Amino acid sequence: MSKVIIIGAGGVGNVVAKKCAQNDSVFTEVLIATRTVSKADKIVAEIHQHLPDSKTQFSTASVDADNVPALVELFNAFKPELVINVALPYQDLTIMDACLETGVHYLDTANYEPLDVAKFEYSWQWAYRQRFEEAGLMALLGCGFDPGATNIFTAHHAKHHFSEIHYLDIIDCNNGDHGKAFATNFNPEINIREITANGRYYENGEWIETKPLEISQDIYYPKVATRKSFVLYHEELESLVLNFPTIKRARFWMTFGENYIKHLNVLEGIGMTSIVPIDFRGLKVAPIEFLKAVLPAPESLAENYTGQTCIGVQAKGIGKDGQEKVHFVYNVCDHAETYKEVQAQGVSYTTGVPAMIGAALMLQGVWKKVGVHNVEEFDPDPFIAEMNKWGLKVDELAGIELVKA
Ligand code: NDP
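Quick summary incoming for the structure in this document. On a predicted model such as this, the values are computed, not experimentally measured, just so you know.

A short note on unusual backbone geometry
Item 1. At the junction of Asp146 and Pro147, the peptide bond is cis and its omega measures out at 10° in the coordinates.
Item 2. Along the polypeptide, Pro147 turns up in the loop between strand 6 (138–141) and helix 7 (149–161).
Item 3. For Leu213, which is not glycine, the phi dihedral falls at a positive 55°.
Item 4. Position of Leu213 relative to the elements: it lies in the loop between strand 9 (206–210) and strand 10 (216–221).
Item 5. Although it is not a glycine, Lys223 adopts a positive phi angle of roughly 70°.
Item 6. The residue Lys223 is located in the loop between strand 10 and strand 11 (225–231) in this model.

Following this line, the structure appears as structure tokens:
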């Protein structure tokens, strides 16, 4: 039924491609285009090995997604309906430009970030709204897990449980163990930029800035563990407080182990996490890019990963019955299970499955609205139904306050 291009063949691209292969009545032809084409070829070989009955036709291509004319040429040759962008946030705008030029719908999982400034905000991509509307095209932003499923869980709270959400806490725990001294679960450069930046949360109409990892508390993650969790800024907060204006405070919490923080402190202390290029033997190299080359690739962690992730959204406010209430919506994902299914660790899996689901809902016309949109603007019910169907079971917990004021 539908032709799609996936851009990026890293940890997340691998999962998106394999879930498309499983959902072969929707995704009939898929081109995986990326910088290092051998990575795409490896994914296709694994699909043929592990999903031999899939009817999806796969092909691969090499492309530099920073280069709009190269993208335009590729899109014009393949003629996809939709592009799923799971390359890096730096490529969002060039891919959106190419979509506009060729009349292709767009989906991504992370907001645009300039290479030389660690700054997360939607303004650059929201500025494309009018052009997508005029072209009759849809761009769906942030359709991974966080952002993505967390926005959907918030929309689910608003639709089914609350007349007014006042306090929103998004909590993200990775209680897994990959056995390495130090590694990041997704692209190291993006991950480290996110964690070493100042924290920020929303309160009473203002953004409150914190030092990196300044605020913490122990949080119980149902079915998984109690873990020390830290407030950091995460991009979905920006769209959620706009789309749910009754919110008085919105925060994002993530777990980090002591060992992880110790390594990060040392790397930061000696300048290895800097994004400012230095001269090295006649080359300009950003230390963080060099660090990325030294660290294990996120997809290489998958094979021996054990443990689970638990990511969810706690809302507090006034329920549909007019009474105060607290409610939690979440998913628990097991690293070893996802490896068995798609040869990926849980962090790539929890991102790639929602990207495939968002793409399927767009292609089937279930979610359809021209312009540039965040996922919480759409009906959460079909998305949650698909999460339960495609490997991310959604659970709910009523009346227990996991995150304290
Ligand atoms: P990886 O680094 O594993 O993969 C990125 C892929 O993009 C690689 O195949 C890389 O190619 C390719 N790529 C990078 N630059 C270019 C370029 N200029 N042209 C073509 N291809 C390029 O990252 P992940 O798979 O872990 O993450 C993918 C995306 O998902 C990121 O944007 C990340 O921020 C986002 N993400 C979102 C989450 C969410 O919940 N919303 C959670 C986790 C990740 P090469 O192999 O040659 O380097």
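Now that the structure is up, let's keep going.
Things to note about the packing of aromatic side chains
The relation between two aromatic rings is expressed through the spacing of the ring centres and the mutual angle of the planes.
Item 1. By the definition in use, this model includes 11 aromatic pairs.
Item 2. Ring centres of Tyr202 and Trp207 lie 5.2 Å apart, and the angle between their planes is 65°; on these two criteria the pair is classed as edge-to-face.
Item 3. On the basis of relative accessible area, Tyr202 is assigned to the buried category, the value being 13%.
Item 4. Taken together, the aromatic side chains of Phe182, Phe230, Phe256 and Tyr260 make up a single cluster linked through ring pairs.
Item 5. Cation over ring: Lys3 sits above Phe78, and NZ or CZ is 4.8 Å from the ring centre.
Item 6. Geometry around Phe378 places Lys369 over its ring, the cationic atom sitting 5.4 Å from the centre.

Rules behind the numbers
Residues numbered from 1 in each chain as written. Predicted model: local features only at pLDDT ≥ 70, side-chain atom pairs only at ≥ 80, totals over all residues. Heavy atoms only, no water. Helix = DSSP H or I, 4+ residues; strand = E, 2+ residues; numbered from the N terminus. Phe/Tyr/Trp six-rings, centres within 6.5 Å; stacked < 30°, edge-to-face > 60°. Buried < 20%, exposed > 50% of the residue type's maximum accessible area, 1.4 Å probe, protein only. Lys NZ or Arg CZ within 6 Å of the ring centre and 35° of its normal.

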